[in-house]
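In case you want the letters, here they are:
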Amino acid sequence: MKKVFITGASSGIGKALALAYAKRGYSVGLTARREDILQDVAQACEKLGGIPFVYQLDVQDAEKCKSVADQFMADTGSIDIAIANAGIGGDDGLFSGDSNQINTILSTNILGVTNTLIPFIPAMKAQNSGALVCISSVASFMPLPFHGGYSSSKIAIRMIFDSWRPTLQKYMIKTVSICPGFVDTPIVKGPARRFPMKSAEDAAEQFLKVIDLGYSTYIYPWPYRILVLIVQLTPERFYNWLIKKMFGKPIT
Ligand SMILES: NC(=O)c1ccc[n+]([C@@H]2O[C@H](COP(=O)([O-])OP(=O)(O)OC[C@H]3O[C@@H](n4cnc5c(N)ncnc54)[C@H](OP(=O)(O)O)[C@@H]3O)[C@@H](O)[C@H]2O)c1
């Protein structure tokens, strides 16, 4: 039986990934801060044919991440796929005079990923197989006003994976950066909800395929690949004008 470990499994993409793997009969490590909700996800996983293991976890806590990873491998015997999905959105608090807001985004979305994945690497290296997955974002290809923390956190984890990839390939460990555009989950708030969104279930089904195939960087859904290309070719001044129009008034 295969084993997958998922952070942020209480909601949205993480929950959809958990259910999709459960449907395929995996042992599924479910982690998040809200344990009560995880218990509901665990029940749904069981009904679909998976074997759930629930662990309460804040990904900002490096020690706890290590002990939960060790516990999951002790509970199931090994690890096949570790998915660092937990993440938060939000603006930078640019005019707040307080760096807490942006720092919490950076810490959750960057250190949360390294805290989650590093503990699994020795076991994957020893067994000469495995897959590490991070959920980056299309926002890692385009600066969004007042969301520098979010965009840069998603660039950082993609870059970390790009750096790890050649080394980990030697041990048959895949490193898959998934970059979604808008997916209909609670993280998408305000004017962003005007944009077309894929469902978390559709997204998860597609992500399972690309993880299996061992893609390096995967932008989803496909029209965002064209958008990313256009953004990369667009002069900065025009891009700034356009993005302000699209995302409305700046946050004060
Ligand atoms: N939805 C989109 O349009 C979209 C687009 C691009 C990228 N993404 C990325 O996809 C990932 C999943 O987001 P989502 O859309 O599914 O949003 P979501 O429904 O809000 O889910 C976020 C998950 O992360 C968990 N989480 C947040 N902070 C945590 C912490 N400190 N420790 C442990 N778990 C934590 C939450 O659980 P608890 O609150 O229970 O801890 C929740 O399960 C994120 O990394 C996000 O940046 C989403």
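Structure first, text after, so check above.
Computed from a predicted model, the values in this text were never measured in an experiment.

**Describing the site of the ligand**
Step number 1: Inspection of the region around the ligand gives 30 residues, with Ser11, Arg33, Arg34, Tyr150 and Thr185 positioned closest.
Step number 2: Within the backbone of Gly12, one N or O atom sits 3.5 Å away from an oxygen atom of the ligand.
Step number 3: Between the ligand and Asn85, the relevant distance is 2.8 Å, taken from an oxygen atom to a main-chain nitrogen or oxygen of the residue.
Step number 4: Elements supplying a minimum of two residues to the shell around the ligand: α1 (12-23) and α6 (148-169).
Step number 5: Here the shell around the ligand is composed, by residue class, of 15 nonpolar, eleven polar and four charged.

**Section: the packing of helix α4 (residues 100-117) against α6**
Step number 1: At their nearest, the axes of α4 and α6 sit 8 Å apart, and the two run at 20 degrees to each other. Between α4 and α6, the angle is such that the two are roughly parallel. The handedness of the crossing between α4 and α6 is right-handed. Residues Ile102, Ile105, Leu106, Asn109, Ile110, Val113, Thr114 and Leu117 of α4 form the contact with α6, whose participating residues are Gly149, Tyr150, Ser152, Ser153, Lys154, Ala156, Ile157, Ile160, Phe161 and Trp164.
Step number 2: Of the residues assigned to the contact of α4 with α6, the class counts are twelve nonpolar, five polar and one charged.

**A short note on the side chain of Arg165**
Step number 1: Its place among the elements puts Arg165 in helix α6.
Step number 2: Owing to a relative accessible area of 10%, Arg165 belongs among the buried residues under this scheme.
Step number 3: Only 3.2 Å separates the side chain of Arg165 from the backbone oxygen of Ser216, close enough to count as a polar contact.
Step number 4: Filtering out sequence-adjacent residues up to four positions away, Arg165 remains in contact with Thr175, Ser177, Ser216 and Thr217.

**Things to note about the sheet that holds strand β5 (residues 130-135)**
Step number 1: The seven strands lie next to each other as β3-β2-β1-β4-β5-β6-β9, forming an open sheet whose pairing is parallel. Two strands bound the open sheet, and with one partner strand each, they are β3 (51-56) and β9 (217-220). For this sheet the average axis-to-axis angle between neighbouring strands, irrespective of direction, equals 15 degrees.
Step number 2: Against the sheet, helix α3 (residues 62-76) engages β1 (3-7), β2 (27-32) and β3, with an angle of about 160 degrees to β3.

Reading the values: rules and limits
Residues numbered from 1 in each chain as written. Predicted model: local features only at pLDDT ≥ 70, side-chain atom pairs only at ≥ 80, totals over all residues. Heavy atoms only, no water. Near = heavy atom within 4 Å. Polar contact = N/O pair within 3.5 Å; in protein donor to acceptor, adjacent residues only side chain to side chain. Helix = DSSP H or I, 4+ residues; strand = E, 2+ residues; numbered from the N terminus. Nonpolar A, V, L, I, M, F, W, Y, C, P; charged D, E, K, R; others polar. Axes fitted to C-alpha atoms, helices over the stretch in contact; angles between N-to-C directions. Parallel < 35°, antiparallel > 145°, perpendicular 65-115°, else oblique. Left-handed = near helix turned anticlockwise from the far one by under 90°. Contact = heavy atoms within 4.5 Å. Buried < 20%, exposed > 50% of the residue type's maximum accessible area, 1.4 Å probe, protein only. Pairing = 2+ DSSP bridges.

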